[in-house]
Amino acid sequence: SAIEKEIDDYLCGLETLCVKSRNMLEGFKINDVISPEYEADSIVSEIAGSVDVTTEGWLHIRLNTLLPSCKYKVSNYIGDTITRLLKNCSFELPYFESAFLAVVEHCNMDKHNSLDNDNKAWKMIPNSLKGIVIEDDSQFVLSIGLFAKKSEDLSCDIYVLPPEDAAFFMNFLEQNIV
């Protein structure tokens, strides 16, 4: 409806304003000093999510939220969040010449932002990985799978792994190991 589009436009504009403001204002900081009231790592992890590397060597990003709906517009909120999580990571991240990206949303029929994959902001994820864990996000470098698991705990797991491990991942997903 027209009202839904207006709301989405407003929310997208607000998210974009927040991300652009934060990035611009950080450019004016002389030192990277953080006040004791603002411990970035704990706040980012608590609100945004976390990053780890699995025993298989796969990159795992956990977002403590679902992907936003982007039926009409896409903001860079999720991309900026993932980039910040990766850049604030205290360990060496794996780098993939080619990769399989698996996005697994944990939601249910009552608690979700969108049930249609084409209306979710997953498109920002490959851009946030580019130059950090993959060279490029072209179709010859990055294959993508979108999955959903029914859950009361709302979150989004993102895995980046070698394409030859995709069958193992699918097996783990089916067995609820990932």
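Residue positions are given per chain, counting from 1 as you read along its sequence in written order. Per-residue local features are limited, in this predicted model, to residues with pLDDT of at least 70; the limit for side-chain atom pairs, both in listing and counting, is 80 or more; totals at the level of whole chains, interfaces and linings are taken over all residues. Values shown for side chains rest on all heavy atoms present in the structure; no hydrogens or waters enter the calculation.

A. Spatial organisation of the pairing of strand 3 (residues 99–107). For each residue, the accessible area found with a 1.4 Å probe, counting protein chains only, is set against the maximum for its type, and the residue is called buried under 20%, exposed over 50%, and partly exposed in between. A run of H or I in DSSP becomes a helix once it reaches four residues, and a run of E becomes a strand once it reaches two; helices and strands are each numbered from the N terminus. A large share of strand 3 lies buried, amounting to nine of its nine residues. Along strand 3, one buried face is formed by A99, L101, V103, E105 and C107 and the opposite face, lined by F100, A102, V104 and H106, is buried too. In this description, strands pair whenever DSSP reports at least two bridges between them. The pairing of strand 3 with strand 4 (residues 142–150) spans nine bridges and is parallel. Across the sheet, the residue bridging to L101 is I144, located in strand 4.

B. Here's a closer look at helix 5 (residues 166–174). Buried residues of helix 5: A166, F169 and L173, and no others. Buried residues of helix 5 fall within an arc of 55° about the axis and therefore sit on the same side. Exposed and oriented more than 90 degrees from the buried face of helix 5 are A167, F168 and E174. Contacts between residues were defined by any pair of non-hydrogen atoms, one from each residue, lying within 4.5 Å. Elements that come into contact with the buried residues of helix 5 comprise strand 3, strand 4 and strand 5 (155–161). The directions considered for the arc are those from the helix axis to the C-beta atoms.

C. Broad picture of the sheet that holds strand 4. The strand order across the open sheet formed by five strands is 1-2-5-3-4, and the pairing between neighbours is mixed. One side of each edge strand has no neighbouring strand; the edge strands of this open sheet are strand 1 (49–53) and strand 4. Each adjacent strand pair in this sheet contributes to an overall mean axis angle of 15°, direction not counted. The pairing of strand 1 with strand 2 (residues 59–63) spans five bridges and is classified as antiparallel. Each bridged residue has a counterpart across the sheet, and for V51 the counterpart in strand 2 is I61. Here helix 3 (residues 77–87) sits on the sheet and contacts strand 1, strand 2 and strand 5; the angle it forms with strand 2, its principal contact strand, is near 125°. Axis definition: a line fit to C-alpha positions, over the contact stretch in the case of helices; interaxial angles, taken between N-to-C directions, run 0 to 180 degrees.

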